[in-house]
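# Commentary on secondary and tertiary structure
Now for the letters of each chain:
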Amino acid sequence: MWRRSFSSTTGTAAATTALKDKKWDALVIGGGHNGLTAAAYLARSGLSVAVLERRHVIGGAAVTEELVPGFKFSRCSYLQSLLRPSIIKELELARHGMKLLKRSPSSFTPCLDGRYLLLGPNKDLNHSEISKFSKQDADAYPRYETQLEKFCEFMDPLLDSAPPESLQCESSCSVSDRFKNKMHNSMFWARCLRQAAALGQKDFVEFMDLLLSPASKVLNNWFEAEVLKATLATDAVIGTTGSVHTPGSGYVLLHHVMGETDGERGIWSYVEGGMGSVSLAIANAAKEAGAHIVTCAEVQQLLINDSGTADGVLLTDGSQVHSSIVLSNATPYKTFKELVPDNALPPDFVRAIKYSDYSAGTTKINLAVDALPQFKSCNLGHPDAGPQHVGTIHIGSESMEEINSACQDAVNGLPSNRPVIEMTIPSVLDKTISPPGKHVINLFIQYTPYSPSDGHWGDTVYRESFARKCYSLIDEYAPGFSSSIIGYDMLTPPDLEREIGLTGGNIFHGAMGLDSLFLMRPVKGWSNYRTPLKGLYLCGSGTHPGGGVMGAPGRNAARVVLEDVNKPLK
């Protein structure tokens, strides 16, 4: 396939030679945005750091690739909001090339009966639009947003901190280290109690209800209009195999409204040049600080010295790169089941990693088109972009039961008959990613089982049949859409695993259920980025606080490494 990558890193023989010529203070396996973030902070604090990326382009799932001539696709992740404000500020990402393009309106849901719902940061627009379906809901919506914002403020300090682990120090630490750890953990929990007290009992109970409940229960308690509830419910199931009726899906809803753009809560934006521009900006900050980033450098195995601690990595070309500190941005399964040698880890730890949930139901289709979709319910009579094209377009999500039915198909082993589709058209705001008059369209699609019972994703006919099913569904809302397609790129769960390294195709490096968060992520006893193998750390989305283009796992992991080598975070 003709392709152009967007990376200023090196993948030459000279670069590999430079890797072998010294012992590094730290190595990072994987040049995804979290690995790059960790590398930037470590290098800023004076450590010599090398990032080893398997692919020809950095970014992991936050990557831009030109797979159709003239069209630049955000191949996996496609929107920015979750990246921590501290990272944007501290690494000066705007100076390093990251330009955010705010979306207003942010959401458009067309209905087959000719109606539609627009939502965004404009409170007057929201009230007017929701009133078309329910005056009661229009009045309740600002209170709903205020409550979620309050919960996000409560969560903020947790996102930027390593969980307060205690088990690792019980037998192996010195008396002074155990005392220091207990003091640190006591301060952490005291801070949490103060925040809970500030939240108040009523809101804290509401917060716990949101965490533990199905999203359907939460939304039914707030609203009556199905189209509004379904539009909001998509945030509760995105990237998961669960339904709106799955207990704990309320937390996933909260996870996807935690972000902000330029200080505005819950605002998702496009990134000029695609999501790879986020990774490139972080990489530029890392390289400015002295980090060495190498592409086409695939790690085959972790090296362990005679004392049983990390000693670097072995590359697939036979090269050895040495360091006593290794951070893995790969998934927990990839790290511990494929990169760490057999018998180097406790059996109960390996068992917990093996049986963690890596299931996925997501397929991403990236389209090059020669015209914007013209929606029957919002036909403005001309081909130019309108408000309906700016934000996320929800297809097949007119009721929560539609979403649940799509999920049940996958539970039965079948790709959804009427998939849930989130369509975005970044080229409406970003003029750098497509030729004039043409557009890039992202389709984030659920639910698609990793191993369908009625076919195989490796079968070209089967793949194309499912893609056509998605296009036909969009045609119901925007007649003629299918005929506008020039070319496409399709990533099913097995493709996401093979191409991007996402175990099971799970975009979060592992499920985001309540049994896989905070002190339980990736497994209990090892939530603070350290691992049972001394010198090896995790820094990817499989750690706290989880998935999305957030950067928090990378920053938090770097902080833990710097604590262990007695250097300050800079």
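Residues numbered from 1 in each chain as written. Predicted model: local features only at pLDDT ≥ 70, side-chain atom pairs only at ≥ 80, totals over all residues. Heavy atoms only, no water.

The next subject is the overall build of the protein. Assigned secondary structure in the protein consists of 18 helices and 23 strands. Computed over its C-alpha atoms, the radius of gyration of the protein comes to 23 Å, within 12% of the 25 Å expected for a compact globule of 570 residues. Along the first, second and third principal axes, the C-alpha atoms of the protein reach 70 × 60 × 50 Å. When burial is assessed residue by residue, the protein has 59% of its 570 residues classed as buried. Restricting the contact set of the protein to residue pairs at least 6 apart, pairs at least 24 apart contribute 72%. Counting every atom, the protein has about 22000 Å² of accessible surface; 52% of that belongs to carbon and sulfur. (Helix = DSSP H or I, 4+ residues; strand = E, 2+ residues; numbered from the N terminus. Rg over C-alpha atoms; globule rule 2.2 N^0.38 Å. Buried < 20%, exposed > 50% of the residue type's maximum accessible area, 1.4 Å probe, protein only. Contact = heavy atoms within 4.5 Å. Areas by Shrake-Rupley, 256 points an atom, 1.4 Å probe, with all protein chains shown as cover.)

On to empty space enclosed by the protein, then. Applying the stated criterion to the full structure yields 2 cavities of 30 Å³ or more. Lys72, Ser74, Tyr78, Tyr270, Val271, Gly274, Met275, Pro426, Asp430, Ile433, Val440 and Asn442 together form the lining of the largest cavity. Only strand E6 (71-74), strand E12 (269-271) and strand E21 (439-446) provide two or more residues apiece to the lining of the largest cavity. The residue makeup of the lining of the largest cavity, split by class, is 7 nonpolar, 3 polar and 2 charged. Of the pockets and cavities examined, the second largest cavity occupies roughly 50 Å³. Lining the second largest cavity are Thr234, Val237, Ile238, Val420, Glu422, Phe444 and Gln446. (1 Å grid on protein atoms, 1.4 Å probe; cavity = no way out; pocket = protein on both sides within 12 Å on 5 of 7 lines; lining within 4 Å. Points joined across faces, edges and corners; volume = space filled by probe spheres on them. Nonpolar A, V, L, I, M, F, W, Y, C, P; charged D, E, K, R; others polar.)

Turning next to a nonpolar patch on the surface. Residues Met208, Leu212 and Leu514 make up a contiguous nonpolar surface patch of about 240 Å² in total accessible area. Position of leucine 212 relative to the elements: it lies in helix H8 (residues 201-212). Exposure remark for leucine 212: the relative accessible area of 49% places this residue in the partly exposed category. (Patch = residues over 30% accessible without salt bridge, like charges linked within 9 Å, V, L, I, M, F, W, Y side chains within 5 Å. Salt bridge = Lys/Arg side-chain N within 4 Å of Asp/Glu carboxyl O.)

A few words now on helix H17 (residues 493-500). Of all the positions in H17, only Pro493, Pro494, Asp495, Leu496 and Ile500 are classed as buried. Immediately downstream of H17, the backbone of glycine 501 shows phi near 90 degrees, a positive value.

Time to look at the side chain of threonine 331. Inspection of the secondary structure assignment puts threonine 331 in the loop between strand E17 (326-328) and helix H13 (332-339). In terms of polar contacts, threonine 331 uses its side chain to reach the backbone amide nitrogen of lysine 334, at 3.0 Å. Not counting residues within four places of it along the chain, the set of residues in contact with threonine 331 comprises Gly501, Leu502, Thr503 and His509. (Polar contact = N/O pair within 3.5 Å; in protein donor to acceptor, adjacent residues only side chain to side chain.)

Looking now at unusual backbone geometry. Put simply, arginine 521 and proline 522 share a cis peptide bond, and its omega is 0 degrees. By the secondary structure assignment, proline 522 is in the loop between H17 and strand E23 (536-538). Between histidine 544 and proline 545 the backbone carries a cis peptide bond, its omega angle lying at 5 degrees. Relative to the helices and strands, proline 545 resides in the loop between E23 and helix H18 (552-564).

We now examine the state of the cysteines. Tallied over the full model, the rule gives 0 disulfides. There is no disulfide at cysteine 192, and the cysteine sulfur nearest it, in cysteine 152, is 16 Å away. Left unpaired, cysteine 539 is separated from the closest cysteine sulfur, that of cysteine 76, by 18 Å. (Disulfide = S-S within 2.5 Å.)

Counting all residues, the mean pLDDT for the protein is 92, and 95% of those residues have values of 70 or more. Scored below 50 in pLDDT, residues 1-8 shows 28 contacts in the model against residues more than four places distant or in partner chains. (pLDDT = per-residue confidence, 0-100.)

The next subject is the sheet that holds strand E4 (residues 49-52). The strand order across the open sheet built from 5 strands is E13-E4-E3-E17-E23, with neighbouring strands paired in parallel fashion. Here the strands that pair on one side only, and so sit at the sheet edges, are strand E13 (292-294) and E23. Strand-to-strand twist in this sheet, taken as the mean axis angle between neighbours without regard to direction, amounts to 20 degrees. Where E17 meets E23, 3 bridges bridge the pair, whose relative direction is parallel. Note that in E23 the partner of valine 326 across the bridge is leucine 536. (Pairing = 2+ DSSP bridges. Axes fitted to C-alpha atoms, helices over the stretch in contact; angles between N-to-C directions.)

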